[in-house]
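# Close look at the chain arrangement
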Amino acid sequence: MTTVFDDLVGQRHITEILQSAVAASRTDTPSQSMTHAWVFTGPPGSGRSSAAVAFAAALVCPQGGCGSCNECRSVRTGAHPDVEVIRTEGLSIKVEDVRELLTRVSWAPSMGGWRVVVMEDADRLTESAANALLKAIEEPGARTVWLLCAPTLHDVLPTIRSRCRHLQLRTPSTTDVADVLQNRDGISAQMADFAARVSQGHIGRAKYLATNESVRSNRGVIMKLPLQLNSIAAAFAAAQKLVDLATTEANVSSDERDEREVNALQEAYGKGATGRGMATGAAKAVKELEKEQKARATRMVRDSLDGALLDIATFFRDVMMVQSGYTDALINVDMKDEINAYAEKVAPHATINKIGAIMEAREHLNRNAAPLLTIEALMCRLA
Ligand SMILES: [Zn+2]
C-alpha cells in the first residue's frame, strides 16, 4: 500500500514515529494522546518540510495518509482548508505575519479533523514573532497541531523548542537519492548517479541539477575556479565571476515571478482604476510587494552563493581524501586528474585551512556580510 510517507527518502526512523502519532490522533481521546507541537530538523535537502507536510496530510486523511484521496492531494497542492503551509520568501517572519496567522488558525477545523500549521522556516522567526507564536504553542487549540521546521534545534527559540517534540531527519545516502531520481523522476542511471553524488544527499538540488543543463554548465565553471587561483588578480576575477553566476542564477527565476506578482496585485486592485482611494491603495500595495521582492532577491543570491561554496568545498574535500589515501571516495569523479594534481602540489594542512575558510565565508554570508567582499576575501585565502 502506498502512503504519503513513501516520498521521504532514507527517513524510516521518522516515518515510524509519525505513523504511530497518526494512530494516536485517531483514538477516542486524541487531544490527550496527540502531541500538538513538533519540530522537524535536518540539513538542507533532507526533506524536513516534506516530512512535515506528509504528516499533515496523514492527520487530515480519513485513511491516515493514503496519498491518493482528495484530502491528501489537496494538502500537497496547498488547497486544503485545514492545513496551512507557511513558506517564507523574505529573510524573516515578522510579528505581524504571526498575529495574522494566529487569527486564521483560531477557527475550528472545517472538516472536523485536525487543523495543522506547517512552518517551513521557523528559524526565520524574529524574536517578537517567536514570542507571539509561543503562546499558541503553549496552549494549542484541542484540534490544532503545529509543525515547525528548522535546520537545527539551535535555530529555534529555547522557550519554543522546549514545548515541542523533536524529530531529526538524516541526510539520505547517495544511493537513496539516485534511486529516487531514477524511479520517481525517470532520470537515467548515469545522470542520477552524478547528480546524487555531487549534491551530497540534497534531493531537491540533485533533481534540479539532473534536469537543468544550464545549471550543470554553471556548476562546471564554478568547480574550475579553485584551479585558476594563481595570483591575487586571478582571485579577484574568480570572486567576481562567482558572484555574477550566483546573481544570474537567482535572477532567472525571480524576474519573471516578480512581474507576475505585480500584475496580479494590480489586477486585484483593478488596473487603471480611477477612484482616488483605489489608486493610492494599489500604489502602496505595489510598493510593499516590491520591498518584499527585494528581500527575496537578496536571499536567493545568498542561497545560490551558499550552494556554490558548498560545491567548491567538495573539491577541497576530494583533495583531502586523496591526500589521506582514500582515492576511490571522490565526489567529483569527473575531475579526478585535476584533484590528484592539486593534491600533489598543496600541503594537507593547507587543504584543511581552505575548507575552514570556505565554511567561515558561508557563516559570514549567513550573517549578512557583503557578498562580493566576502567572496574576494575567501578567494584570496584559497589562492
Ligand atoms: Zn488520503
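This section reports on the structure supplied with the text. (Residues numbered from 1 in each chain as written. Predicted model: local features only at pLDDT ≥ 70, side-chain atom pairs only at ≥ 80, totals over all residues. Heavy atoms only, no water.)

## Here we look at the nonpolar core
- Core analysis: the biggest nonpolar cluster contains 35 residues, and Leu 242, Ile 375 and Met 379 have the highest contact counts within it.
- Only α11 (213-224), α12 (232-269), α13 (276-323), α14 (336-345), α15 (348-366) and α16 (371-382) provide two or more residues apiece to this core.
- Top element by residues in this core is α13. It accounts for nine residues.
- Setting aside its immediate chain neighbours within four residues, Ile 375 contacts Ala 239, Leu 242, Val 243, Leu 305, Leu 309 and Leu 365.
- Residues Ile 14, Ala 57, Val 83 and Trp 114 belong to the second largest nonpolar core, which totals 34 residues. (Core = buried A, V, L, I, M, F, W, Y, C linked by side-chain atoms within 4.5 Å. Buried < 20%, exposed > 50% of the residue type's maximum accessible area, 1.4 Å probe, protein only. Helix = DSSP H or I, 4+ residues; strand = E, 2+ residues; numbered from the N terminus. Contact = heavy atoms within 4.5 Å.)

## Focus: the packing of helix α9 (residues 189-199) against helix α10 (residues 203-210)
- Direction vectors running N to C along α9 and α10 enclose 135°, while the axes themselves pass 8 Å from each other. Between α9 and α10, the crossing angle belongs to the class labelled oblique. Crossing angle aside, the handedness with which α9 passes α10 is right-handed. Side by side, α9 and α10 meet where Met 191, Phe 194, Ala 195, Ala 196, Val 198 and Ser 199 of the first sit next to Arg 205, Ala 206, Leu 209 and Ala 210 of the second. (Axes fitted to C-alpha atoms, helices over the stretch in contact; angles between N-to-C directions. Parallel < 35°, antiparallel > 145°, perpendicular 65-115°, else oblique. Left-handed = near helix turned anticlockwise from the far one by under 90°.)

## Things to note about α10
- For α10, every residue scored as buried is listed here: Ile 203, Ala 206, Leu 209 and Ala 210. For α10, the angular spread of buried residues about the axis comes to 130°, placing them on one side.
- On its buried side, α10 packs onto α8 (174-183), α9 and α11. (Arc of directions from axis to C-beta.)

## Quick look at the coordination of the zinc ion
- The zinc ion binds to the protein through Cys 61 (SG), Cys 66 (SG), Cys 69 (SG) and Cys 72 (SG); the donor distances cover 2.3 to 2.4 Å.
- If you look at the zinc ion, its four donor atoms make angles of 102 to 117° with each other, and the shape they trace is tetrahedral.
- Read in sequence order, the donor residues for the zinc ion give the motif C-x4-C-x2-C-x2-C.
- Of the residues examined, Cys 61 reaches a relative accessible area of 1% and is grouped as buried.
- With relative accessibility at 12%, the residue Cys 66 sits in the buried group. (Donors = N, O, S within 2.8 Å, 3.2 Å for Na, K, Ca; no water. Tetrahedral: all angles 85-135°; square planar, octahedral: opposite > 155°, others 65-115°.)

## Considerations on the pairing of strand β4 (residues 144-150)
- Most of β4 sits out of view: seven of its seven residues are buried.
- Side chains Thr 144, Trp 146, Leu 148 and Ala 150 project from β4 onto one buried face, and the interleaved Val 145, Leu 147 and Cys 149 project onto a second face that is buried too.
- Where strand β1 (residues 37-41) lies against β4, five bridges are found, and the strand directions are parallel. Looking across to β4, one finds that Ala 37 is bridged to Trp 146.
- Relative to β4, strand β3 (residues 115-119) is paired through five bridges, and the arrangement is parallel. The residue of β4 that forms the bridge with Val 117 is Trp 146.
- For the crossover from β3 across helix α6 (residues 127-138) to β4, the handedness is right-handed. (Pairing = 2+ DSSP bridges. Right-handed = clockwise from strand over helix to strand, strands pointing away.)

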